There are 2 protein chains.
Amino acid sequence: MKRVRLVDVAEVAGVSTKTVSNVVHDYPHVAPELRRRVQAAIDKLGYRPNLTARRLVTGRTGMIALAIPEIDHPYFSELSRQIAEEAARRNYRVIIEQTLGKLDAEHAVLEDREAGLVDGIIFHPVSIGALSIAKLHHDTPLVLLGEGAMPATSDHVMIDNVAAAAEAVHFLLRQGRRRIAFLGVVEDDVTFSTDKRLLGYQQGLIEAGLDPDPGLVLSVKDFSSEASGEAVRAALERGVSIDGIVCRDDKFAAGALRACAAAGISVPDGIAVLGWDDTAIGKYTTPSLTSVAPDKSALASTALELLTERIDGFRGVGRHRIVPHGLTIRGSTPSVSAELAVPRGEPAVPSA
Amino acid sequence: MKRVRLVDVAEVAGVSTKTVSNVVHDYPHVAPELRRRVQAAIDKLGYRPNLTARRLVTGRTGMIALAIPEIDHPYFSELSRQIAEEAARRNYRVIIEQTLGKLDAEHAVLEDREAGLVDGIIFHPVSIGALSIAKLHHDTPLVLLGEGAMPATSDHVMIDNVAAAAEAVHFLLRQGRRRIAFLGVVEDDVTFSTDKRLLGYQQGLIEAGLDPDPGLVLSVKDFSSEASGEAVRAALERGVSIDGIVCRDDKFAAGALRACAAAGISVPDGIAVLGWDDTAIGKYTTPSLTSVAPDKSALASTALELLTERIDGFRGVGRHRIVPHGLTIRGSTPSVSAELAVPRGEPAVPSA
DNA sequence: ATACGAGTTTACAGCGCTGTATCTTGAGGC
DNA sequence: GCCTCAAGATACAGCGCTGTAAACTCGTAT
């Protein structure tokens, strides 16, 4: 059963292919009667335009590629959803490319592998450097996400990680916490996110007149929640005094929660734990997780806005946009009002 | 800056476009010297084939659509990852379509909206019925996933939900649990998954010579973990005696865990909780979750296998494949060995 | 009656690529 | 020395659609 083509419809309706095309596209100057006849033929034959053919001639594919490290990481799947929905609103479809953070896969994203396949690329790089991006990037419109490489030539969207981390610290300080740890720095970490968050953490302490204690910056073996839990366990065992933890992501926070539970320390009473990314993970932990919340919806719409502008011909230099962030407050930090009611003068010292 | 085309390369190399095409495709009968010359021209000009044009002539797009309810639901994002990786292995790209389980979106998936855009569709339906699928489905190769509609005409892949639920029940029975609840039946549930799992649950009890107690089939207001927790809380408050819960998915199980904790009942000592889908959620709950584990990798590879066969011309009737499932054992159920060591004769009765 | 132009409709080229059929070449057989 | 044949290279049509420009229609102005 051959697919129905424009010519088939044209023949049945007794008009030219262009007229059929005009009807399909709702071109205004088509006589009502003809429009009816053509529409009837379309319905009768069940005609559907061949998008590939349309693309070849228009040069537009109506698709954008979304290149992210892992599709099943909660942050990225939640972000993907926002982007897919925002893209749909603008009549674009999304094809998802998983890089697993690997350098060669990230190179492939830029190397026009999608040549003529997508109109633009939204890319959350992890391993690749700014220089490589600038070098490899041809002319497919590109918007970068995250705290990784950000060459001046490309558009870029992120939240203000430094400010967010400082705010997270202030949030805990307001609740009387004084021994706030940062979890954590990963050995051989190639990502830039941690740096920014660590910087903001230190900045927050300094702003409050506190001296950052290097012993409170916990280092973690890898990016798993097991490793982060292990790091917290080890710190507590060493006798490090901690009454709050700012984590680089929700996974790490989940590990911290486990370690606290294992050590018999109550969260949030003994230690307050603060995650990052406001992913679904935070809804399932015990207690549930207070987490820095990037505005994923704003992230998505800003990325799409920049990208569509490029697709529509904008040729200026790279634009850098900061989107809002907030703090989703759940059970792993004391409620602010409770704190205000019973201000604590002394930092809580864990028993382990 | 115009894109480099085949003709541009041909001109530089001083050969026909077809020869360049042959080089690009590694066609064997090309003289080594010519191949070198053409390759040099390709490299020099930075030529990348225009996939859209190639598609128009070959009729193959190299893309498959994956239509799922929610991309950021852990089960679906994990499944998506498997499918994307399996597809990549077979040189297909995946475009993801989110239906949100809505009927009109599910209709759209089948209505050739992707006409000429994808070579095939992998579709996890929720709302649409078997009849509608049979009626709407044109000739784009299609493979269905899940327990929803499964018209005889379409290929279909799932796990044996009835058997898995029965096994889950037996697993708890072996540990001496006797008051096993099923969580839960959702009012106005349009999905078929619950039915199958409930059936298997009842079957498992009957096989063990137990009489299913209707009071142990908990009904839940919606699909959130809050609602499932509420259902468990209410049951416990009514004084229903429960020592084990088989849940229709991990989200429900997470809600159950919270309800137990709130009621002061230890999991797994007082109540054993068993989730479904083996999603990442189970790693973050307290305790971590024992969960029925569909073999997502087998699901993905089987779906791709059936789909590519159809794409490659197979025209037979719908094939139905059952893929394996297992049980990922974590903290929400007692370890089997401990149970064997200390067999319990009496069901544990929760204190609430 | 003729010209004009706004509104309709069409012919045709061509997007960039590949499949088919065809042509060229040179080695080997007689 | 001529013919055969396979390997190597090419010409050309055409995938299904849309943009452009030209053509046609018909009511109104001249």
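By convention here, each chain's residues receive numbers from 1 onward along its written sequence. Lettering of chains starts at A and numbering of ligands starts at 1, both following the order in which they are written. Reporting of local features is limited, given that this is a predicted model, to residues whose pLDDT is at least 70; pairs of side-chain atoms are given and counted only at 80 or more, and all residues count toward the totals for whole chains, interfaces and linings. Just so you know, side-chain values use all the structure's heavy atoms and leave hydrogens and water out.

## As for the interface of chain A and chain B
Turning to step 1, where the next piece is worked out: Whether two residues touch is decided by their heavy atoms; if any such pair falls within 4.5 Å, the residues are in contact. Opposite the 45 residues of chain A that make contact, chain B presents 45 residues.
Turning to step 2, where the next piece is worked out: Note on terms: buried area is the combined drop in 1.4 Å-probe accessible area of two parts once they are placed together, counting the loss on both. Roughly 4100 Å² of surface becomes buried between chain A and chain B when both sides are summed, with 53% attributable to carbon and sulfur atoms.
Turning to step 3, where the next piece is worked out: For chain A, the biggest contributors to the area lost against chain B are A:Arg81, A:Arg93 and A:Tyr284; these three give 18% of the whole.
Turning to step 4, where the next piece is worked out: Criterion for a salt bridge: a side-chain nitrogen of Lys or Arg within 4 Å of a carboxyl oxygen of Asp or Glu. The interface formed by chain A and chain B contains four salt bridges.
Turning to step 5, where the next piece is worked out: With its nearest N and O atoms 3.0 Å apart, the salt bridge here joins B:Arg81 to A:Glu70.
Turning to step 6, where the next piece is worked out: Counting residues per element, the side of chain A that touches chain B draws most heavily on strand E2 (residues 93–98) of chain A, which supplies six residues.
Turning to step 7, where the next piece is worked out: When the residues that make up the side of chain A that touches chain B are grouped by side-chain class, the tally is 16 nonpolar, eleven polar and 18 charged. Each helix is a run of DSSP H or I of at least 4 residues and each strand a run of E of at least 2, with the numbering of both proceeding from the N terminus. Gly counts as polar in this scheme, as do all residues outside two lists: the nonpolar Ala, Val, Leu, Ile, Met, Phe, Trp, Tyr, Cys and Pro, and the charged Asp, Glu, Lys and Arg.

## Quick look at a negative patch on the surface
Turning to step 1, where the next piece is worked out: Nonpolar side chains (Val, Leu, Ile, Met, Phe, Trp, Tyr) within 5 Å and like charges within 9 Å form the patches, drawn only from residues with over 30% relative accessible area and no salt bridge. Surface accessibility in these figures is a Shrake-Rupley result with a 1.4 Å probe; residues are shielded only by whichever protein chains are displayed. Under the convention used here, Asp and Glu are negative, Lys and Arg are positive, and both His and the chain ends fall outside the count. Lysine's charge is taken at NZ, arginine's at CZ, aspartate's at CG and glutamate's at CD. A contiguous patch of negative charge on the surface is contributed by A:Glu187, A:Asp188, A:Asp222 and A:Glu226.
Turning to step 2, where the next piece is worked out: In this scheme, a residue with accessible area under 20% of its type's maximum is buried, one over 50% is exposed, and one in between is partly exposed, where area comes from a 1.4 Å probe on protein chains only. With a relative accessible area of 44%, A:Glu187 lands in the partly exposed category.

## Considering the environment of A:Ala134
All names here are of chain A.
Turning to step 1, where the next piece is worked out: Among the secondary structure elements, Ala 134 is positioned in helix H7 (residues 130–136).
Turning to step 2, where the next piece is worked out: For Ala 134, a relative accessible area of 38% gives the class partly exposed.
Turning to step 3, where the next piece is worked out: Not counting chain neighbours up to four residues away, the residues in contact with Ala 134 comprise Pro 151 and Thr 153.

## Overview of the environment of A:Tyr27
All names here are of chain A.
Turning to step 1, where the next piece is worked out: Mapped onto the elements of the fold, Tyr 27 is located in the loop between helix H2 (17–24) and helix H3 (32–45).
Turning to step 2, where the next piece is worked out: Note on Tyr 27: relative accessible area 39%, which makes it partly exposed.
Turning to step 3, where the next piece is worked out: Once you skip the residues sitting within four places of it in the chain, Tyr 27 turns out to touch Asn 22 and Arg 35.

## Focus: the pattern of salt bridges
Turning to step 1, where the next piece is worked out: Taken as a whole, this structure holds 38 salt bridges over all chains when the rule is applied.
Turning to step 2, where the next piece is worked out: Among the ionic pairs, A:Arg310 bridges to A:Asp155, the shortest N-O distance being 2.8 Å. Of this pair, A:Arg310 sits in helix H13 (residues 296–311) while A:Asp155 sits in strand E5 (residues 155–159), and the two are 155 residues apart along the sequence. Accessibility classification places A:Arg310 together with A:Asp155 in one group, the buried group.
Turning to step 3, where the next piece is worked out: Through salt bridges with shared partners, a single ionic network connects A:Glu70, A:Asp72, B:Arg81 and B:Glu85.

## Some words on the protein's contact with DNA strand D
Turning to step 1, where the next piece is worked out: DNA strand D sits among 24 residues. The nearest are A:Leu6, A:His25, A:Tyr47, B:Thr19 and B:Ala31.
Turning to step 2, where the next piece is worked out: Backbone atoms, meaning sugar and phosphate, make up 75% of the atoms of DNA strand D lying within 4 Å of the protein.
Turning to step 3, where the next piece is worked out: Two N or O atoms form a polar contact when they lie within 3.5 Å of each other; inside protein one atom must be a possible hydrogen donor and the other a possible acceptor, and for residues adjacent in sequence the pair counts only when both atoms belong to side chains. A distance of 2.4 Å separates a phosphate oxygen of DNA strand D from a polar side-chain atom of A:His25.
Turning to step 4, where the next piece is worked out: Looking at the surface near DNA strand D, the elements that each hand over two or more residues are H2 and helix H4 (51–58) of chain A together with helix H2 (17–24) and helix H4 (51–58) of chain B.
Turning to step 5, where the next piece is worked out: In terms of residues, the surface near DNA strand D owes the most to one element, H4(A), which gives four residues.
Turning to step 6, where the next piece is worked out: Taken together, the residues of the surface near DNA strand D break down into eleven nonpolar, eight polar and five charged. Being near a molecule or strand, for a residue, comes down to having at least one heavy atom within 4 Å of it.

## Re the pairing of strand E8 (residues 244–247) of chain A
Residue and element names in this part refer to chain A.
Turning to step 1, where the next piece is worked out: Of the two faces of E8, the one carrying Gly 244 and Val 246 and the one carrying Ile 245 and Cys 247 are both buried.
Turning to step 2, where the next piece is worked out: At least two bridges found by DSSP between two strands is the condition for calling them paired. As defined by bridge partners, strand E6 (residues 180–186) adjoins E8 across four bridges and the pair is classed as parallel. Paired with Ala 181 across the two strands is Ile 245, which belongs to E8.
Turning to step 3, where the next piece is worked out: Direction of pairing for E8 relative to strand E9 (residues 272–276): parallel, over a ladder of three bridges. From the neighbouring strand, Ile 245 faces E9, where its bridge partner is Val 273.
Turning to step 4, where the next piece is worked out: One crossover worth recording links E8 to the parallel E9 by way of helix H11 (residues 250–262), and it is right-handed. Look down the strands so they point away from you; if going from the first strand over the helix to the second traces a clockwise path, that crossover is right-handed.

## Considering the packing of aromatic side chains
Residues and elements named next belong to chain A.
Turning to step 1, where the next piece is worked out: A pair of Phe, Tyr and Trp rings is counted when the ring centres sit within 6.5 Å of each other, with Trp represented by its six-membered ring. The angle between the planes then sorts it: under 30 degrees is stacked, over 60 is edge-to-face, the rest tilted. Summed over all chains, the structure comprises six aromatic pairs over all chains.
Turning to step 2, where the next piece is worked out: With a centroid separation of 5.2 Å and 70 degrees between ring planes, the pair formed by Tyr 75 and Phe 76 is classed as edge-to-face. For the pair shown, Tyr 75 and Phe 76 are each scored as buried.

## A closer look at the domain arrangement of chain A
Note on interface size: it is often stated as the accessible area lost on association of the parts.
Turning to step 1, where the next piece is worked out: The start and end points of each domain follow an automatic or database-based domain assignment. Per the domain assignment, the segments making up chain A are domain 1 (6–49), domain 2 (63–158 + 296–325) and domain 3 (161–294 + 328–341).
Turning to step 2, where the next piece is worked out: Here the C-alpha centre of domain 3 of chain A lies 63 Å away from the C-alpha centre of domain 1 of chain A.

## A few points about the sheet that holds strand E12 (residues 325–328) of chain A
Residue and element names in this part refer to chain A.
Turning to step 1, where the next piece is worked out: The mixed open sheet is built from six strands, whose spatial order is E7-E6-E8-E9-E10-E12. In this open sheet, the two strands that pair with only one neighbour each are strand E7 (217–220) and E12. Each strand axis lies, on average, 25 degrees off the axis of its neighbour in the sheet, ignoring direction.
Turning to step 2, where the next piece is worked out: Interaxial angle, 0 to 180 degrees, is taken between N-to-C directions of lines fitted to C-alpha atoms, where a helix line uses only the stretch in contact. Packing against the sheet, helix H10 (residues 225–237) makes contact with E6, E7 and E8, and its axis sits at approximately 135 degrees to E7.

## Focus on the packing of helix H8 (residues 161–174) of chain B against helix H9 (residues 193–207) of chain B
All names here are of chain B.
Turning to step 1, where the next piece is worked out: It is at 7 Å that the axes of H8 and H9 come closest, and there the two elements cross at 45 degrees. By the criterion of interaxial angle, the relationship of H8 to H9 is oblique. Between H8 and H9 lies a crossing of right-handed hand. Across from Asn 161, Val 162, Ala 165, Ala 166, Val 169, His 170 and Leu 173 in H8, the residues of H9 making contact are Lys 196, Arg 197, Leu 199, Gly 200, Tyr 201, Gln 203, Gly 204, Leu 205 and Glu 207.
Turning to step 2, where the next piece is worked out: Taken together, the residues that form the contact of H8 with H9 break down as eight nonpolar, five polar and three charged. For classification purposes, an angle smaller than 35 degrees is called roughly parallel, one larger than 145 roughly antiparallel, one from 65 to 115 roughly perpendicular, and anything else oblique. Two helices crossing with the near one rotated counterclockwise from the far one by less than a right angle form a left-handed crossing, whereas a clockwise rotation gives a right-handed crossing.

## Observations concerning the relation of the copies chain A and chain B
Turning to step 1, where the next piece is worked out: We superpose the copies by least squares over the C-alpha atoms of residues that have a pLDDT of at least 70 in both of them. With an RMSD of 0.2 Å, chain A superimposes on chain B once it is rotated by 180 degrees and translated 0.1 Å along the axis. Each copy turns onto its partner about a two-fold axis. When C-alpha distances to the rotation axis are compared across chain A, the minimum falls at A:Ile95, with a value of 2.2 Å.
Turning to step 2, where the next piece is worked out: Most of the interface of chain A is mirrored in chain B: 100% of its interface residues are interface residues there too.

## Details of the pairing of strand E6 (residues 180–186) of chain B
When a strand is regular, its side chains alternate between the sheet's two faces.
Residue and element names in this part refer to chain B.
Turning to step 1, where the next piece is worked out: Among the seven residues of E6, six are classified as buried, and the element is accordingly described as predominantly covered.
Turning to step 2, where the next piece is worked out: Examined bridge by bridge, E6 and strand E7 (residues 217–220) share four bridges and lie parallel to one another. The residue bridging Leu 183 from the neighbouring strand is Leu 218, located in E7.

## Description of the protein's contact with DNA strand C
Turning to step 1, where the next piece is worked out: A:Thr19, B:Leu6, B:His25, B:Tyr47 and B:Arg54 are the nearest of the 24 residues found near DNA strand C.
Turning to step 2, where the next piece is worked out: Measuring from a phosphate oxygen of DNA strand C, one finds a side-chain N or O atom of A:His29 at 3.5 Å.
Turning to step 3, where the next piece is worked out: At the level of secondary structure, the elements contributing two or more residues to the surface near DNA strand C comprise H2 and H4 of chain A together with H2 and H4 of chain B.
Turning to step 4, where the next piece is worked out: The greatest single-element share of the surface near DNA strand C, amounting to four residues, is contributed by H4(B).
Turning to step 5, where the next piece is worked out: Grouping the constituent residues of the surface near DNA strand C by class yields eleven nonpolar, eight polar and five charged.

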